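Residue-level structural notes
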Amino acid sequence: MRNGKNGFLIPFFAYRKIRFEDDQMETTQLEKDNKHWSGRFGFIMAVVGSAVGLGNIWRFPYVAGQQGGAIFLFVYIVMVATIGFLLMSAEITFGRNAHANIVDAFQKRHKRWTFVGYLSILVAFLIVSYYSVIGGWITRYLGGYIIGGGFVSGGDYGGVFQDFSTHPYLPIIFNLVFLGACTFILAFGVKKGIEKVSKIMMPALFVMIVFVAVVALTMDGALEGVKFFLIPDWERITQSGGVGGIIVAAMGQAFFSLSVGIGINATYGAYLKKDINIPKNTAYICGFDTFVALVAGFAILPAVFSVGLEPNAGPGLIFGSLPAVFHQLGGFGIAVAIIFFVLILFAAITSCISLLEVMIVFVEEKFKFKRVLATLTVCGVILITSTLVSLSQCGYFGVDLLEVFDLATTNFLMPVCAILMCVYIGYVWKIRKAADELTFGFQNQNGFWVRVWEIGVKYVVPLMVFVIFIFGIVGMFTK
Ligand code: PHE
């Protein structure tokens, strides 16, 4: 027996029938709007596309190295398998049930919570404003390797990157090209745009990254990089703030890498039909994202070590150091470089479109704009903000907006959004109803793992994220 809409207890089979009819109506509406995935594979590739990005390819290998290699790796995997998995599945469940843009999704049940929807939009807005600039840099490097010129001819690669990224208008032009490509894809909508592109780009990325890793591992001196990545270095751990520091870093990395705490998974979940097993598919997505991060670690760190470079932070690693590696490989190196920049471009495009989609679908539904107009509006605004981020690299405003936006989102806004999301699901929507949605169509909706999921989302995740979040803030100020 279950509680019916008007509070009466109704037999379970009748309850299932009502839900089934509701779901059929929702599905028809989704199909009419062309806002749905064609199937399971399309959905998985789109979410993987959002998750696999610069976070996996440049951020993960570097952070892993800095935080003591193997130990970080272990903590990171635990984070992904617990907090990451729970948050992602909860977000997708929330989205599938709400079938709306992230603001309306929160507003539906409780007007007071609308602000969390807007907060999610703000996070996406800040991230995409700098992500697109890096996308422009990648486009420039890819073009450089295809056409030839200063980027490939040897010498001071760090200096070449510095000159380019602080140039007053060149990065802006490439940002325009990158953002233009994303706009074009997004204008085609969910199935014909996002899904189609993800279904091609993600499998291709997978093949290319494995190839690059094999090349890197066969280079002389690559073993150093593998050691750096895999063997725990206690000295580094104490330098970077001890075990507490590792946990904070691992959580930040897991959030960023899985794109949780922004409303993306909820937005993509809103385009799902009911026939998808959320826990199982979330597990695949988390596994795949982690796998790509590991392979990227095996591709980049050995390569960097083999040419005697120290891995350093941020985009500089890809743009300032890797060209030296490609150069050392001679003519073959140019081919490897092109493959590498194509794969990282794919990773950046599919992540960027997911960030933009959160805003586009909101504008579409809120202002009743047509898809193309909503896409142009959102991308137009981002063109302005990303231009400002790009200009801040030249030191015009006295602050590096890329760094500020990155820190504000990864360390602060994403954990806050994640906690609010859990509190909303656990207490406002009610965890039992969320679990019903999660397990829709399951034989047993009350099994042991469902209970674990409920307790995890309602109590454990918000508490853990809160504790780690406070720890991180305290650490930031005491440093
Ligand atoms: N997950 C993406 C990455 O690993 C980054 C991202 C973060 C994308 C947040 C969307 C939202 O690069």
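Check the entry above for the structure.
Residues numbered from 1 in each chain as written. Predicted model: local features only at pLDDT ≥ 70, side-chain atom pairs only at ≥ 80, totals over all residues. Heavy atoms only, no water.

Attention shifts here to empty space enclosed by the protein. Under the criterion given, the structure shown has three cavities of 30 Å³ or more. Reported here for the largest cavity is a volume of approximately 120 Å³. If you trace the largest cavity, you find 17 residues lining it, with S50, Y131, F256, S259 and S351 closest to the centre. At the level of secondary structure, the elements contributing two or more residues to the lining of the largest cavity comprise α2 (40–51), α3 (54–66), α6 (114–147), α12 (242–258) and α16 (331–366). Partitioned by chemical class, the residues of the lining of the largest cavity number nine nonpolar, eight polar and no charged. As for the second largest cavity, its lining consists of 13 residues, of which V212, A299, A303, V325 and F326 are closest to the centre. Elements supplying a minimum of two residues to the lining of the second largest cavity: α9 (189–217), α14 (278–306), α15 (316–328) and α16. Taken together, the residues of the lining of the second largest cavity break down into 13 nonpolar, no polar and no charged. (1 Å grid on protein atoms, 1.4 Å probe; cavity = no way out; pocket = protein on both sides within 12 Å on 5 of 7 lines; lining within 4 Å. Points joined across faces, edges and corners; volume = space filled by probe spheres on them. Helix = DSSP H or I, 4+ residues; strand = E, 2+ residues; numbered from the N terminus. Nonpolar A, V, L, I, M, F, W, Y, C, P; charged D, E, K, R; others polar.)

Quick look at a nonpolar patch on the surface now. A surface patch of nonpolar side chains, amounting to about 560 Å² of accessible area, comprises I384, L388, Y396, F397, V399 and V404. Within the fold, F397 resides in the loop between α17 (371–392) and α18 (401–438). (Patch = residues over 30% accessible without salt bridge, like charges linked within 9 Å, V, L, I, M, F, W, Y side chains within 5 Å. Areas by Shrake-Rupley, 256 points an atom, 1.4 Å probe, with all protein chains shown as cover. Salt bridge = Lys/Arg side-chain N within 4 Å of Asp/Glu carboxyl O.)

This paragraph deals with the packing of α3 against α6. In contact at an axis separation of 13 Å, α3 and α6 are set at 85° when each is read in the N-to-C sense. Viewed along their axes, α3 and α6 adopt a mutual orientation that is roughly perpendicular. Together, L54, G55 and W58 of α3 and Y131, I134 and I138 of α6 make up the contact between the two elements. Taken together, the residues that form the contact of α3 with α6 break down as five nonpolar, one polar and no charged. (Axes fitted to C-alpha atoms, helices over the stretch in contact; angles between N-to-C directions. Parallel < 35°, antiparallel > 145°, perpendicular 65-115°, else oblique. Contact = heavy atoms within 4.5 Å.)

Around the ligand sit 16 residues, and of these A51, G55, Y131, F256 and I262 come closest. Between the ligand and A51, the relevant distance is 2.8 Å, taken from an oxygen atom to a main-chain nitrogen or oxygen of the residue. F256 is positioned with one of its backbone polar atoms (N or O) 2.7 Å from a nitrogen atom of the ligand. Its free accessible area being 320 Å², the ligand has 100% of it covered by the protein chains. In a pocket analysis with a 2 Å cut-off to the grid points, the ligand is assigned to the largest cavity. At the level of secondary structure, the elements contributing two or more residues to the shell around the ligand comprise α2, α3, α6, α12 and α16. (Near = heavy atom within 4 Å. Polar contact = N/O pair within 3.5 Å; in protein donor to acceptor, adjacent residues only side chain to side chain. Sits in = over half its atoms within 2 Å of the grid points.)

Here we take up the environment of S257. Structurally, S257 can be placed in helix α12. Put simply, S257 and T290 are 33 residues apart on the chain and 8.6 Å apart in space, counted from C-alpha to C-alpha. Among all residues touching S257, those that are not within four sequence positions of it are A51, N56, Y76 and D289.

Let us now look at the side chain of T139. By secondary structure assignment, the location of T139 is in helix α6. On the basis of relative accessible area, T139 is assigned to the buried category, the value being 15%. (Buried < 20%, exposed > 50% of the residue type's maximum accessible area, 1.4 Å probe, protein only.)

Below, the discussion takes up the nonpolar core. Formed by 161 residues in total, the largest nonpolar core has its most connected members in F43, F94, F340, F341 and L356. Sorting elements by how many residues they give to this core places α16 first, with 21 residues. F43 has contacts with W37, I92, Y268, G269, L272, I276 and I285, leaving out every residue within four places of it along the chain. (Core = buried A, V, L, I, M, F, W, Y, C linked by side-chain atoms within 4.5 Å.)

Following the criterion strictly, the structure yields 32 aromatic pairs and no others. Taking 6.3 Å as the distance between ring centres and 55° as the angle between the ring planes, the aromatic pair formed by W37 and F43 counts as tilted. Exposure remark for W37: the relative accessible area of 3% places this residue in the buried category. Summarising the aromatic geometry, the rings of Y145 and F341 are spaced 5.7 Å apart at their centres and angled 20° between planes, so their arrangement reads as stacked. (Phe/Tyr/Trp six-rings, centres within 6.5 Å; stacked < 30°, edge-to-face > 60°.)

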